[in-house]
Amino acid sequence: MRVLVVEDERRLAAALQRGLETEGFAVDVAHDGLTGLNLAGRTPYDVIVLDIMLPGLNGYRVCSLLRAAGNDAGILMLTAKDGEWDEAEALDTGADDFLSKPFSYVVLVARLRALARRVGSRAPRVLVLGDLVVDSAARTCTRGGTPVRLTTREFAVLEHLALRAGEVVSKRELLSHIWDVGQDADPNVVEVHVSAVRRKIDTPFARAAVQTVRGAGYRLAADGG
Ligand code: CA
């Protein structure tokens, strides 16, 4: 899941980035409204955490401009106080949810996951592909009932392939959804992770669900072939 954090308090933004990356999200950060707007315009984010009081362009403006441009990412606004005015305004401009500062990190993560489920892919929580079960909520995977341990990145790769089961997913798409803009965008990192996923969910079970489509990307076969 790819997240954009637009927050001018740099320590808070950095803490959110670290924390959300630990949860397995790919996180980009903008410290002002215009940068946030530009990033959101060229990168498909699943959810955007948008502070209201921002230098330049405030959160309300960013939100309404994104919606006017047809951007349908889930938007969670951070309201400075728990005044009804802020919250009503946030929802009016097209935000999906809001959270008052100071907020609990655990609550933020739960809200983001809930929001990501509601919008965009509207992904089911449990993806079942033959005897392969990928549980997005619990972050677990089983094959024929046997638990398979994956790293957060490996899980994110598998989850993305599972959401698009039967379709070819390019390395570029995996890179853009799972790795950050600022990180090394070497497609080899995708290959390494896909290989690791294959070694864990296929090889021990004599399956070949993770297929390489030469020159195009990868496909997770729905039948587990
Ligand atoms: Ca602020």
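Our structure's up above, just so we're on the same page.
In this text the structure is predicted, and so the values were computed from the model without any measurement.

Caption draft 1: Representation of the coordination of the calcium ion in the model. Those donors, Asp8 (OD), Asp51 (OD) and Met53 (O), are the protein atoms that reach the calcium ion, and they lie 2.1 to 2.3 Å from it. Mapping the donors of the calcium ion onto the primary sequence yields the spacing D-x42-D-x1-M. Judged by its relative accessible area of 3%, Asp51 falls in the buried class.

Caption draft 2: View of the side chain of Asn71. Following the sequence through the fold, Asn71 ends up in the loop between helix H3 (59–68) and strand S4 (74–79). Among the polar contacts listed, one links the side chain of Asn71 to the backbone nitrogen of Ala73, at a separation of 2.9 Å. Those residues in contact with Asn71 that lie beyond four places of it in its chain are Ala40 and Leu66.

Caption draft 3: Expanded view of unusual backbone geometry. With an omega dihedral of -5 degrees, the bond running from Lys101 to Pro102 counts as a cis peptide bond. Positionally, Pro102 belongs in the loop between strand S5 (97–100) and helix H5 (105–118). The residue Arg139 is not glycine, and still its phi comes out positive at about 60 degrees. Its place among the elements puts Arg139 in the loop between strand S7 (132–135) and strand S8 (140–143). Judged by relative accessible area, Arg139 falls into the partly exposed class, the value being 27%. The backbone of Ala206 sits at a positive phi, close to 55 degrees, despite the residue not being glycine. Looking at the element boundaries, Ala206 is found in the loop between helix H8 (188–201) and strand S11 (210–213). With a relative accessible area of 71%, Ala206 lands in the exposed category.

Caption draft 4: Just the environment of Ala68, in detail. Turning to its location among the elements, Ala68 is positioned in helix H3. Residue class for Ala68 comes out exposed when judged on its relative accessible area of 68%. Once the C-alpha coordinates of Ala68 and Leu57 are considered, the two residues, 11 residues apart in sequence, prove to be 15 Å apart.

Caption draft 5: Here's a closer look at the sheet that holds S5. Here 5 strands make up an open sheet; going across it, the order is S2-S1-S3-S4-S5 and the pairing parallel. Strand pairing shows two members of the sheet lacking a second neighbour, strand S2 (26–30) and S5, which therefore form its edges. With direction set aside, neighbouring strand axes in the sheet form an average angle of 20 degrees. The pairing of strand S1 (residues 2–6) with strand S3 (residues 47–51) spans 4 bridges and is classified as parallel. Across the sheet, the residue bridging to Val6 is Leu50, located in S3. Set on the sheet, helix H2 (residues 33–42) makes contact with S1, S2 and S3; between it and S1 the angle comes to about 160 degrees. Together, S3 and S4 form the strand contacts of H3, whose direction differs from that of S4 by roughly 170 degrees.

Caption draft 6: Structural detail: the nonpolar core. Core analysis: the largest hydrophobic core is formed by 26 residues, its most contacted members being Leu132, Leu158, Leu174, Ile201 and Leu220. Mapped by element, the contributors of at least two residues to this core are strand S6 (126–129), S7, helix H6 (152–163), helix H7 (171–178), H8 and strand S12 (217–220). The element best represented in this core is H6, accounting for 6 residues. Beyond its immediate sequence surroundings of up to four residues, Leu174 is in contact with Val157, His160, Leu161, Val169, Trp179, Val190, Val194 and Tyr218.

Caption draft 7: Up close: the sheet that holds S6. Here we have 4 strands laid out as an open sheet, ordered S6-S7-S8-S9, and antiparallel in their pairing. Each having just a single partner strand, S6 and strand S9 (146–148) make up the two edges of the open sheet. Geometrically, the sheet is characterised by an average inter-axis angle of 20 degrees between neighbouring strands, direction not taken into account. The pairing of S8 with S9 spans 3 bridges and is antiparallel. Paired with Cys141 across the strands is Val148, a residue of S9. H6 contacts S6, S7 and S8 of the sheet and is inclined by roughly 110 degrees relative to S7.

Caption draft 8: Region of interest: the packing of H6 against H8. Viewed as axis vectors pointing N to C, H6 and H8 meet at an angle of 85 degrees, and their least axial separation amounts to 9 Å. If you check the angle between H6 and H8, you find them roughly perpendicular. Every residue of H8 that contacts H6 at Arg153, Glu154, Val157 and Leu158 is listed here: His193, Val194, Ala196, Val197, Lys200 and Ile201. Of the residues assigned to the contact of H6 with H8, the class counts are 6 nonpolar, 1 polar and 3 charged.

Thresholds, definitions, all that
Residues numbered from 1 in each chain as written. Predicted model: local features only at pLDDT ≥ 70, side-chain atom pairs only at ≥ 80, totals over all residues. Heavy atoms only, no water. Donors = N, O, S within 2.8 Å, 3.2 Å for Na, K, Ca; no water. Buried < 20%, exposed > 50% of the residue type's maximum accessible area, 1.4 Å probe, protein only. Helix = DSSP H or I, 4+ residues; strand = E, 2+ residues; numbered from the N terminus. Polar contact = N/O pair within 3.5 Å; in protein donor to acceptor, adjacent residues only side chain to side chain. Contact = heavy atoms within 4.5 Å. Pairing = 2+ DSSP bridges. Axes fitted to C-alpha atoms, helices over the stretch in contact; angles between N-to-C directions. Core = buried A, V, L, I, M, F, W, Y, C linked by side-chain atoms within 4.5 Å. Parallel < 35°, antiparallel > 145°, perpendicular 65-115°, else oblique. Nonpolar A, V, L, I, M, F, W, Y, C, P; charged D, E, K, R; others polar.

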